[in-house]
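# Coordinates in review
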Amino acid sequence: MINIKLNVNGKDYSLEIEEDKRLIDVLREDLRFTGVKEGCSEGECGACSVIMDGRIVNSCLVMAVQANGSSIVTVEGLVKDGELDPVQRAFIEKGATQCGYCTPGFIMAARAFLNRAKDPTREEIREAISGNLCRCTGYNKIVDAIEEAYRYEKGI
Amino acid sequence: MKKRGRGIGLSFYGTGYGNGFPDVSNAWVRLLKDGKIGVYVGGAEVGQGAMTAFVQIAAEALGVPHDRVLLEIEDTLTTPDSGTAAATRQTYNTGNAIKIACENFKEKLKEVAKDILNLNSTAALEVKDGEVYLEIFPQKRVSLEKIADFLGGNILEAEGSFTAQTTKLDPETGQGAPYWPYTFSACGVELEVDTITGQVDILKAVLVQDVGRAVNPHLVEGQMDGGYAMALGYALFEDLNLKRGVMGNRKFSKYLIPTSMDVTELTKIIVEDPESTAPYGAKGIGEPVMIPVTPAILNAIYDATGVRITELPITPEKLAKAFSDFEKEG
Amino acid sequence: MKREFKVVGKNIHRVDAFKKVTGRAIYPEDIFMENMAYGKTLRSTIAHGYVSLDTREAEKIDGVLGIFTYKDVPNNRYGVVYKDQEVFVSKKVKRVGDPLAFVVAENEKLCDLALEKIKVYYEEIEGVFDPVEAMEEDAPKVHGKSNILYHFKIRKGDVEEGFRRSHVIVENTYKTHMVDHAFLQPEAGIGYIDEEGRVAVIVSTQYPHYDMEEIASTLNIPIDQVRVINAYVGGAFGGREDISLQIHLALAAKVLKRPVKTIYSREESFLAHSKRHAMVMRYKTGADKEGNLLAMETVIIGDTGAYASWGENVMRKAGVHATGPYYIPNVKVDSYAVYTNNPFAGAVRGFGATQVPVAYEQQMDALAVKLGMDPVTIRMKNIFKVGSETATGQILTEGVPLEECLSKLVEAMGYPYGKEAYR
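The model shown is predicted, which means the values in this text are computed figures rather than measured ones. (Residues numbered from 1 in each chain as written. Chains lettered and ligands numbered in written order. Predicted model: local features only at pLDDT ≥ 70, side-chain atom pairs only at ≥ 80, totals over all residues.)

### Some thoughts on the overall build of chain C
- Counting its regular elements, chain C contains 12 helices and 17 strands.
- In terms of its C-alpha atoms, chain C occupies a principal-axis envelope of roughly 80 × 65 × 40 Å.
- The burial tally for chain C puts 61% of its 423 residues in the buried class.
- Taking contacts inside chain C between residues at least 6 apart in sequence as the whole, the part at least 24 apart equals 79%. (Helix = DSSP H or I, 4+ residues; strand = E, 2+ residues; numbered from the N terminus. Buried ≥ 20, exposed ≤ 12 C-beta atoms within 10 Å, placed from the backbone. Contact = placed C-beta atoms within 7 Å.)

### Considerations on the overall build of chain A
- Across its full length, chain A holds 5 helices and 5 strands.
- Going from N to C terminus, chain A has its helices and strands arranged as β-β-α-β-β-β-α-α-α-α.
- Against the compact-globule benchmark of 15 Å for 156 residues, chain A has a radius of gyration of 15 Å, which places it among compact chains.
- Dimensions of chain A, computed from the C-alpha atoms along their principal axes, are close to 50 × 30 × 25 Å.
- Within chain A, the fraction of its 156 residues that count as buried is 56%.
- Within chain A, residue pairs in contact and separated by at least 24 positions form 59% of the contacts whose partners lie at least 6 positions apart. (Rg over C-alpha atoms; globule rule 2.2 N^0.38 Å.)

### Brief notes about the environment of lysine 141 of chain C
Residue and element names in this part refer to chain C.
- For lysine 141, the location among the structural elements is in the loop between helix H4 (131–134) and strand S9 (148–156).
- Looking at lysine 141, the number of C-beta atoms within 10 Å reads 14, which means it is partly exposed.
- For the pair lysine 141 and lysine 94, spaced 47 residues apart in sequence, the C-alpha separation works out to 9.8 Å.

### Thoughts on the interface of chain C and chain B
- Each side of the interface is counted separately: chain C has 95 residues, and chain B has 97 residues.
- Top element by residues in the side of chain C that touches chain B is helix H12 (residues 402–413) of chain C. It accounts for 8 residues.
- By residue class, the composition of the side of chain C that touches chain B is 47 nonpolar, 26 polar and 22 charged. (Nonpolar A, V, L, I, M, F, W, Y, C, P; charged D, E, K, R; others polar.)

### Details of the domain arrangement of chain A
Residue and element names in this part refer to chain A.
- Split into domains, chain A comes out as domain 1 (2–74) and domain 2 (86–154).
- Centre-to-centre, using C-alpha coordinates, domain 1 lies 22 Å away from domain 2.
- Counting residues at the interface gives 14 residues for domain 1, matched by 11 residues for domain 2.
- For the side of domain 1 that touches domain 2, the secondary structure elements donating two or more residues are strand S3 (49–52) and strand S4 (55–58).
- Top element by residues in the side of domain 1 that touches domain 2 is S3. It accounts for 3 residues. (Domains from an automatic or database assignment.)

### Brief notes about the packing of helix H2 (residues 86–93) of chain A against helix H5 (residues 140–154) of chain A
Residue and element names in this part refer to chain A.
- Contact geometry of H2 with H5 gives a least axis separation of 8 Å together with a crossing angle of 130°. As judged from the angle between their axes, H2 and H5 are oblique. Here H2 runs over H5; the crossing is right-handed. In contact with Pro86, Val87, Arg89, Ala90, Phe91 and Glu93 of H2, H5 contributes Ala145, Glu148, Ala149, Tyr152 and Glu153.
- Class assignment for the residues of the contact of H2 with H5 results in 7 nonpolar, no polar and 4 charged. (Axes fitted to C-alpha atoms, helices over the stretch in contact; angles between N-to-C directions. Parallel < 35°, antiparallel > 145°, perpendicular 65-115°, else oblique. Left-handed = near helix turned anticlockwise from the far one by under 90°.)

### Some points on the sheet that holds strand S6 (residues 131–134) of chain B
All names here are of chain B.
- What the 3 strands build is an open sheet, ordered S5-S6-S7; its pairing is antiparallel. With partners counted over all chains shown, the strands left at the sheet margins are strand S5 (125–128) and strand S7 (141–143), one partner each. Between one strand axis and the next, the sheet turns through 15° on average, direction left out of account.
- Two strands pair when backbone bridges link them, and S5 and S6 are joined in this way by 4 bridges, in the antiparallel orientation. Counterpart to leucine 125 in the pairing with S6 is leucine 134. (Pairing = 2+ DSSP bridges.)

### What to know about the interface of chain C and chain A
- Each partner contributes residues to the interface: chain C has 22 residues there, and chain A has 27 residues.
- In terms of residues, the side of chain C that touches chain A owes the most to one element, helix H1 (residues 17–22) of chain C, which gives 5 residues.
- A breakdown of the residues in the side of chain C that touches chain A according to their chemical character gives 10 nonpolar, 7 polar and 5 charged.

### Concerning the sheet that holds strand S15 (residues 278–287) of chain C
Residue and element names in this part refer to chain C.
- Across the sheet, which stays open at both edges, the 5 strands sit in the order S9-S17-S16-S15-S10 with mixed pairing between neighbours. The open sheet terminates on both sides in strands that have one partner only, identified here as S9 and strand S10 (168–176). Each neighbouring strand pair of the sheet contributes to a mean axis angle of 5°, computed without reference to strand direction.
- Judged from the 8 bridges that link them, S9 and strand S17 (residues 330–339) form a sheet pairing that is antiparallel. Paired with phenylalanine 152 across the bridge in S17 is serine 335.
- Against the sheet, helix H9 (residues 311–320) contacts S9, S15, strand S16 (293–305) and S17, and its axis sits at roughly 20° relative to S9.

### Notes on the nonpolar core
- Core analysis: the biggest nonpolar cluster contains 306 residues, and Val39, Phe54 and Ala58 of chain B together with Val103 of chain C have the highest contact counts within it.
- Ignoring anything within four residues of it in the chain, the contact list for phenylalanine 54 of chain B reads Val39, Val41, Gly43, Leu71, Thr94, Gly95 and Ile98 of chain B. (Core = buried A, V, L, I, M, F, W, Y, C linked by C-beta atoms within 7 Å.)

### Some thoughts on helix H6 (residues 208–219) of chain C
Residues and elements named next belong to chain C.
- With 12 residues, H6 should cover 16 Å at 1.5 Å per step; its first-to-last C-alpha distance of 16 Å lies within 8% of that length.
- Here H6 lies mainly inside the structure; 9 of its 12 residues are buried.
- Looking at H6, one finds that the buried residues are Pro208, His209, Tyr210, Asp211, Met212, Glu214, Ile215, Thr218 and Leu219.
- Among the structural elements, strand S4 (77–78), strand S12 (199–203), strand S13 (226–230) and helix H7 (246–256) are those in contact with the buried residues of H6.
- A positive backbone phi angle near 55° is found at asparagine 220, which sits one or two residues after H6. (Expected span 1.5 Å × (residues − 1).)

The following block contains the structure:
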């Protein structure tokens, strides 16, 4: 057992965990942020994407000890004072979710992308989400939603 | 060398279990305490949007805004059997069951309204916008909330059941009417083939889908995008690498499904031709949206290269080899 | 008649969208119950052979709560159409991935340890992996005396006469492969005893009421003692029609009187559910000088793998749709579902109707090339319209807007119509 400290969605946690736990296990099992999904366990599908210290990571590929001391944002942490994040709003508005399993991962990837993006093209958006797999939507409405979220944020 | 081509594919798809198998959906509708309406069906939401379509069909039938309908689909304890969420049958079958249940429910509402309004008949009573009222004297009206209050603890509920038409096929000749309704689709693609590497790039794609009537056009488009993407994977790269019963590829690092970089923009055209046996004319489209895409790609590859690919998947290696064989043979 | 609708036809937001974008949609793996144990499945690593297990050592591990095998299942057989699948293999393994045992322990690590400690003895026998070979008399048999599960026939008109009158005939053999649904959420579930003593299973399924029936039937308990709760479903596409972990969880929960949870890995998910039928499709299609279809003959052989699943229905649907959406007066179809020792094939989006257009639509283009006609024109001549008769003799009385679909397609693609459409 090992002690780690994490800030998740703005709250500090100190945890006793088994050393071989991955970040996804800590988030889902210890802290019950079950919006973090596991689809492949090898970093291919991106369903487990979270933002770690400002960067998008596959939480199935990060060992919990590696995350010690870092700040994590999961999909649950995007809702602020009951207000949805513009990305979440746009996903609803544009019909970008179907079965929903990949959705939290896409929303986190989009959030991380939009934090830095400037007038993104559809091609750039496609590239930004190319580490996330979706089997239902064929991606087009997800791209629509990310464009829309950018417009919300720029007030255009 | 890069070669361009275009191809089309048409398809049809018969809805339902088929072959005379009883294809039944059931629905229950109940007045809730606050005047909202509970709809209970066993039809699964698997991402296709069944819940939303069910709510829209129920709201339309009951004449209420969609947020007055509370749908429950999860628990076998509290929902009736609505058949499988497969065979493109939920919107058509369970949609019909819901519509029938709602119509039965409205008759029951009218019976109660008749008592509340001191009428001696339910004739000319109409259920609309969350109220029951007398069409010929609209001052006589009562809201669903009031009806729920009036009933107190008594439950007002109705059932609906729909069985699709299907006949058993003759075992020797295959004659009969196995499925109904049929749904039609058309796809066209323009693509570029690199004849050296065998790489296929889709340049333009159009999918046209007959829907009967679109219950929710955005959801229909979502299905079309998804079916197109799934067909792209089927045609071009998904491969289990199956050898003597062993799947060599059973992880996403090896079994490649399309990514956002593989799927191109898709022009989606919805064709409406309401089906008389369907709820508000709506046919199912979950499966049909995938079907014409693969043949359109195959035909476009032939148009581009003169090579007819008869075996899936059209991997780059396979296509490059087929083209080089074709060139050698002249 | 144009009717105005108030709700139908409107783009209302998905009713489940809010939960899905906020991470509040609960899939079975997201549920944690008090005093919950974990379960894992032991699966065969060979495709065909006899198996026996020695679980004694594994049972001794501290924290292992139970190891379930066929001996623990009152009625070991299930299946959507034919009850040809076993909850756990009793004697003969028929494919890689057949469930042999279900281990339940206090945690997943102990499950893994127990799986390692179970001794599995195989006596391999020759398998059959090609559906065409599997149809031969002397092929190894997967079940019973013949590998041919189902043969569907259409006999309409006189194909020989139709081909005699044909100006052009195209013959080709097409092959499609097995693929996976690859839905994003691997199978997961929890079995438990509910507050009224029922055996309950929370799962992601396409058909909760069917799962309930199979649980009641295999565990031999009254159906009102079973409850299936369908949590959010992370995609399905046909891959959640057959039973995967439902019976294992119900059995374990019933015996242990504790909640038992199972989550499949992606690799196990590939092993656990059905696949799309691989098909070999031999096609012969004839048309007259003007491009009117006169005859079509096809033999379609579908690899249904180790179990029937929906194989019969899939190959029937393939057969019924074998002509494509075209009127053909003379049709002969023979489609077969054939057992092999491959992964079992069942329902996948399109259900047999997805494979046949790989053949029939290429046949149409090949005929057009021979006739010097363009692909749009040859289709326009033959497509189903209101009143058309299908190969099964069914009359399409309404709802056949295929001409409109094709016209809109041609317009959107910017094709010149007619002779110049194709080079």
